[in-house]
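# Coordinates in review
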Amino acid sequence: MTAVAEKIGVEDLAEKVFQRALDCVKLPHYTGILFLQAAVHLAKQGSDTKRQERVRALLLPFARGERDFQSNFPLYNCGGNAGALALRLGWLAEARPAVESYATWFLEKAPRDDQGLVVLPGDVQRRKLWIDAAWAVAPFACHAGVALGNARLTDDAIFQILGIVKVLKDPDCGLLHQCRGFNGAERLSEDHWSRGNGWAALALGELVQGLPKNHPRRNEVEKALVGLLISTLKFQDGEGLWHQEMTDKNAWAETSGSAMILFALGAALERGLVGNEVRPSLLRGLRGLLAYIAMDGSIHQTCIGCLCPGHGSQADYIARPHAANDPHAFGAVILALAQALACGVDSL
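Report follows, based on the coordinates. If you're wondering where the values come from, they're calculated on a predicted model, not measured in any experiment.

## Side note on helix H2 (residues 30-43)
With 14 residues, H2 extends 20 Å from end C-alpha to end C-alpha; this agrees with the ideal 20 Å at 1.5 Å per step. Burial analysis of H2 places 13 of its 14 residues in the buried class, which makes it a mostly covered element.

## Observations regarding the packing of helix H5 (residues 96-109) against helix H6 (residues 132-148)
One way to put it is that H5 packs onto H6 with a least axis distance of 10 Å and a crossing angle of 125 degrees. Classified by the angle between their axes, H5 and H6 sit oblique to one another. Between H5 and H6 lies a crossing whose hand is left-handed. Across the interface between the two elements, Arg96, Val99, Glu100, Tyr102, Ala103 and Phe106 from H5 touch Val137, Phe140, Ala141, Ala144, Ala147 and Leu148 from H6. Within the contact of H5 with H6, the residues separate by chemical class into 10 nonpolar, no polar and two charged.

## As for the layout of surface pockets
For the largest pocket, the calculated volume is near 330 Å³. Along the walls of the largest pocket sit 15 residues, with Leu162, Val165, Lys169, Glu220 and Ala224 positioned nearest its centre. No other element matches helix H9 (residues 218-233), which puts six residues into the lining of the largest pocket. Across the lining of the largest pocket, the residue classes break down as six nonpolar, four polar and five charged. Around the second largest pocket, the lining is made up of 20 residues, and of these Tyr30, Asn72, Tyr76, Trp130 and Asp132 lie nearest the centre. Of all the elements in the fold, those that place two or more residues in the lining of the second largest pocket are H6 and helix H8 (194-210). Element by element, the count of residues in the lining of the second largest pocket is highest for H6, at four residues.

## Description of the side chain of Arg218
Looking at the element boundaries, Arg218 is found in helix H9. For Arg218, the side chain forms a polar contact with the side chain of Glu222, separated by 2.9 Å. Beyond its immediate chain neighbours, meaning those up to four positions away, Arg218 contacts Leu207, Val208, Leu211, Pro212 and Lys213.

## Structural notes on unusual backbone geometry
If you check the backbone angles, Arg126 has positive phi at about 55 degrees while not being a glycine. Of note, Asn325 is a non-glycine position whose phi angle comes to about 55 degrees, a positive value. Tracing the backbone shows Asn325 in the loop between strand E6 (322-323) and helix H13 (328-342).

## Some points on the nonpolar core
General note: in soluble globular proteins, nonpolar side chains tend to be found buried as a group. Counting residues in hydrophobic clusters, the biggest one holds 134 residues, and the most contacted among them are Phe73 and Phe106. Discounting chain neighbours no more than four positions away, the residues touching Phe73 are Trp105, Val118, Trp130, Ala133, Ala136 and Val137.

## A look at the pattern of salt bridges
One pass over the full model with this rule turns up 15 salt bridges. Note that Glu11 is salt-bridged to Arg51, the shortest N-O span being 3.0 Å. Residue Glu11 is found in helix H1 (residues 10-24), and its partner Arg51 is found in helix H3 (residues 49-63); the two are separated by 40 residues along the sequence. Residue Arg51 is classed as buried on the basis of its relative accessible area of 8%. As a salt-bridge pair, Asp113 and Arg180 come within 3.2 Å of each other at their nearest N and O atoms. Placement of the pair is Asp113 in the loop between H5 and strand E1 (129-130) and Arg180 in strand E2 (residues 179-180), with a sequence separation of 67 residues. Both residues of the pair, Asp113 and Arg180, count as buried. Among the charged side chains, a salt-bridge network with shared partners connects Glu11, Glu15, Arg51 and Arg54.

Rules of the game
- Here the residue index of a chain counts from 1 through its sequence in written order.
- Whole-chain, interface and lining totals are the exception, using all residues; otherwise, since this is a predicted model, local features are given only for residues with pLDDT of at least 70 and side-chain atom pairs are given and counted only at 80 or more.
- Where side-chain values are given, they derive from all heavy atoms of the structure, hydrogens and water being excluded.
- A helix here means a DSSP run of H or I that spans at least four residues, while a strand means a run of E at least two residues long, and both kinds are numbered starting from the N terminus.
- One less than the residue count of a helix, multiplied by 1.5 Å, gives the span that helix is expected to have.
- Partly exposed describes any residue whose relative accessible area lies between the buried limit of under 20% and the exposed limit of over 50%, with all areas from a 1.4 Å probe on protein chains only and scaled to the type maximum.
- As a rule, the C-alpha atoms of each element are fitted with a line to give its axis, helices using only the stretch in contact, and angles between N-to-C directions run from 0 to 180 degrees.
- Should an angle lie under 35 degrees it is considered roughly parallel, over 145 roughly antiparallel, and from 65 to 115 roughly perpendicular; all remaining angles are considered oblique.
- We call a crossing left-handed when the near helix sits turned anticlockwise from the far one by less than a right angle, and right-handed when that turn is clockwise.
- Contact between two residues is taken to exist if any of their heavy atoms lie within 4.5 Å; hydrogens are not considered.
- Polar here means any residue other than Ala, Val, Leu, Ile, Met, Phe, Trp, Tyr, Cys and Pro, which are nonpolar, and Asp, Glu, Lys and Arg, which are charged; Gly is therefore polar.
- Here a cavity is any set of points on a 1 Å grid over the protein atoms alone where a 1.4 Å probe fits but cannot get out, and a pocket is any open set with protein on both sides within 12 Å along at least 5 of 7 lines; a residue lines the site when it has an atom within 4 Å of a point.
- Grid points are joined across faces, edges and corners, and a volume is the space filled by probe spheres set on the points.
- In the analysis that follows, any N or O atom pair within 3.5 Å is treated as a polar contact, provided that within protein one partner can donate a hydrogen and the other can accept it, and provided that, for residues neighboring in sequence, both atoms belong to side chains.
- Here, the term nonpolar core denotes a set of buried Ala, Val, Leu, Ile, Met, Phe, Trp, Tyr and Cys residues that are joined through side-chain atoms within 4.5 Å.
- Definition used for salt bridges: Asp or Glu carboxyl oxygen within 4 Å of a side-chain nitrogen of Lys or Arg.

In structure tokens form, the structure reads like this:
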């Protein structure tokens, strides 16, 4: 791999990664929804309307009901987080009927446990809960709630992310386990997986950006984000990244989770939830990512699809392979770079 130049503009780098993603990411897939979410965030930076037009072109097939694919969450078919955010921003009025329809599905038909938290479809005992789902539903419900004027959706967004984090949090280190119930009804996985913590950080960061300022539970979301970030920063390595098992510095550095955490750190910094003393950590992390991004926008050392491998032990997660240009990588990295721009970081 030939890494990017020692000094590169953040916007140029984001474009390189974006163009490479078009060859590597299947849009009708949850990693495609992550990529589209990142594309919306990138289009929010600057005044170049071409990026907004690009997002519209990518999302219109979802808005028109032309993307009907099997997934754990049918709301991906309207563009998921990306479709709801684009509607909220006024970029995709055509998505309103589809977003409204899938919002109704989420409120009335999504599989939930006895506490009301979303669980894996087909789970008869309704105990299979995993942190990835927090990203899948909470930002969608937040943005759809604001766009549609439906406070029930916004409230449920907060309920989901705070509830899932509470169940999966390790009180000893403040990090999150990925899942409950995949190796026994009440058993938690033993990991502190980078992308698992990244999914939660990303969802919390998105809600901090998207919740109404006067929402009575906003402070709880902000507190949860800051608490998770404080915990993650304890395990940031010298390059500025986080490892596949975050508590083990001998595990390999993992790019997708690192990028999601950096997005959330930037969101907290932009909104003054953390002080400028964490800015060096953000910059170090962004520069650390450069070592894993090639000149053509390819991204290396990203964990492949992963849900409670083996027995859910830390060793099982560490043994999970990483790959170049895994589709989980692109949206995560673009989100981190878009948020860097929002924080005034123009070059690395």
